[in-house]
Amino acid sequence: MRAGRLDGRVAVVTGAARGVGELLARKLSARGAKLVLVGLEADGLKAVAGRLHTECGHWYADVTDEAAMARVAAEAVERFGRVDIVVANAGVATGGFVDGSDPAAWRRVIEVNLIGSAVTARAFLPALKRSRGYFLQIASLAAITPAPMMSAYCASKSGAEAFAHCLRAEVAHQGVGVGVGYLSWTDTDMVRGADRDDVLRELRQRLPWPANRTYPLGPAVDRLVVGIERRAPHVYAQWWLRGTQAVRGWIPGVIATAGAREMRRLAPRLAPGAAGAGYGLVGAGGAADEAARGGAGTRAGTERN
């Protein structure tokens, strides 16, 4: 990767304490960008900031909190003078049947992944319009491929994808680019957390190749960085995802047929009260989100370095 392609640019990354957000921040910094890190894990954000090569600031904020995100945007512009890139990456996931999953967890996935992305965009759009910048919405294969026991995640990512497409049409005449980043199963805490459940892991492993693989994080994030540099309207973190766009109209019918068969086979293990019948937020990021909401409520603060 060539250094210096983003020298002097200011990039915002939400959900920057771990996984895709953390590595993306590091790779953008290696390209010369200054970073605004946003998330709910203050210690994790501080640790990421300490590993960056360029100037950065880190803000503790919930992306669903409009007042908090507006303050982050104002303070980021005050500090750096501009914002050129915003990556709406913050996300959580849960699993389980619609009528068996934790209702609070189900709702929270929609709030963070969809509403949080819109709140992020709204907060930073004034700065992006001034810089004629670029907004990247992190979506997922889940936006293209609906799957049983993933209703909240699929709905949220489909909604986030549609939101980004709408936003692109609204702001293109003002010089702002909008892209959607698609990732399949990638080696993050979220995916590893889901894999700790026997049923979710088995369902994923029974998907057809290449959708049943877990892909390394590094190459996926490299593709996102290239997409940001090119201001691409679509960025595919795994090579084969581009091809799913051509057949996405057929996928729901195929999933409905195969999913019914799988659910019938797994029904005894998913009865009420059985292990796997209901889920909260998965992975370390989900635990951090639950801890933040279970503490002093939604807060916003800033630490800088």
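Let us look at the structure shown here. As the structure is a prediction and not an experimental result, all values here were calculated from the model.

Taken as a whole and judged by the stated rule, the model has 3 aromatic pairs. An angle of 10° between the planes, with centres 5.3 Å apart, marks the rings of Tyr182 and Tyr236 as stacked. Of this pair, Tyr182 sits in strand E6 (residues 177-182) while Tyr236 sits in strand E7 (residues 234-236); the two residues are 54 residues apart in sequence, bridging distant segments of the chain. Of the two residues, Tyr182 and Tyr236, neither departs from the other in class, the shared state being buried. Each ring, one from Tyr215 and one from Trp240, has its centre 6.3 Å from the other, and the planes form 40°; the classification is tilted. Of this pair, Tyr215 sits in the loop between helix H7 (198-205) and helix H8 (217-230) while Trp240 sits in the loop between E7 and helix H9 (241-247), and the two are 25 residues apart along the sequence. Assigned by exposure class, Tyr215 and Trp240 land together as buried.

Turning our eyes to something else, we now look at the pattern of salt bridges. Tallying each qualifying case throughout the model produces 16 salt bridges. Between Arg31 and Glu229 there is a salt bridge, with the nearest N and O atoms lying 2.0 Å from each other. Here the residue Arg31 occupies a position in the loop between helix H1 (19-30) and strand E2 (34-39), and Glu229 occupies one in helix H8, the gap between them amounting to 198 residues. The exposure classification of Arg31 matches that of Glu229, with both residues buried. In this structure, the salt-bridge partner of Arg192 is Asp189, at a minimum N-O distance of 2.6 Å. One end of the pair is Arg192 and the other is Asp189, both in helix H6 (residues 189-195) and 3 residues apart, which spans about a single turn. The class for Arg192 is partly exposed, based on a relative accessible area of 36%. Overlapping salt bridges bring together Arg18, Glu41, Asp187, Asp189 and Arg192 as one network.

Its 14 residues give H8 an end-to-end C-alpha distance of 20 Å, which sits within 8% of 20 Å, the value for a rise of 1.5 Å per residue. For H8, the set of buried residues is Leu217, Ala220, Val221, Leu224, Val225, Gly227, Ile228 and Glu229. The inward-facing, buried residues of H8 contact H1, strand E4 (85-88), strand E5 (134-138), E6 and E7. Following H8 by one or two positions, Arg231 has its phi on the positive side, about 55°.

A separate point is unusual backbone geometry. The phi angle at Arg132 is positive, at roughly 50°, despite the residue not being glycine. Residue placement: Arg132 occurs in the loop between helix H4 (103-131) and E5. Looking at Arg132, the relative accessible area reads 52%, which means it is exposed. Positive phi is not limited to glycine here, since Arg231 has a value of about 55°.

So, about helix H11 (residues 283-294). A rise of 1.5 Å per residue sets the reference length of H11, with its 12 residues, at 16 Å; its end C-alpha atoms lie 17 Å apart and thus fit the reference within 8%. The secondary structure elements touched by the buried residues of H11 are strand E3 (56-61), H4 and H6.

For E5, the buried fraction is high: 5 of the 5 residues fall into the buried class. Burial along E5 is two-sided: Tyr134, Leu136 and Ile138 facing one way and Phe135 and Gln137 facing the other are all buried. After leaving E4, the chain enters H4 and then returns to the sheet as E5, a path that is right-handed. Across 5 bridges, E5 lies against E6 in parallel orientation. Across the sheet, residue Phe135 finds its bridge partner in E6, namely Val178. Taken together, E5, helix H5 (residues 151-171) and E6 constitute a β-α-β crossover, and its handedness is right-handed.

When you line up the elements, Thr94 lands in the loop between E4 and H4. Within polar-contact distance, the side chain of Thr94 engages the backbone oxygen of Gly280 at 2.8 Å.

Cut-off values and rules
- Numbering of residues starts from 1 in each chain and follows the order in which that chain's sequence is written.
- Totals for whole chains, interfaces and linings use every residue, but because this is a predicted model, local features are given only for residues with pLDDT of at least 70 and side-chain atom pairs only at 80 or more, for both listing and counting.
- Here the side-chain values reflect all heavy atoms present in the structure, with hydrogen atoms and water set aside.
- Stacked, edge-to-face and tilted labels apply to pairs of Phe, Tyr and Trp rings (six-membered ring for Trp) whose centres lie within 6.5 Å, assigned for plane angles under 30 degrees, over 60, and everything in between, in that order.
- Note on conventions: DSSP H or I runs of at least 4 residues are helices, E runs of at least 2 residues are strands, and numbering of each starts at the N terminus.
- Each residue's exposure class comes from its accessible area (1.4 Å probe, protein chains only) as a fraction of the maximum for that residue type: buried when under 20%, exposed when over 50%, partly exposed otherwise.
- Throughout this description, the term salt bridge denotes a Lys or Arg side-chain nitrogen within 4 Å of a carboxyl oxygen of Asp or Glu.
- The span you would expect from a helix comes to 1.5 Å times its residue count less one.
- Contacts between residues were defined by any pair of non-hydrogen atoms, one from each residue, lying within 4.5 Å.
- Every crossover in which the path from the first strand over the helix to the second runs clockwise, viewed with the strands pointing away from the viewer, is termed right-handed.
- For two strands to count as paired, DSSP must find a minimum of two bridges between them.
- Polar contact criterion, stated in full: a pair of N or O atoms within 3.5 Å, where within protein one must be able to donate a hydrogen and the other to accept it, and residues adjacent in sequence count only if both atoms are side-chain atoms.

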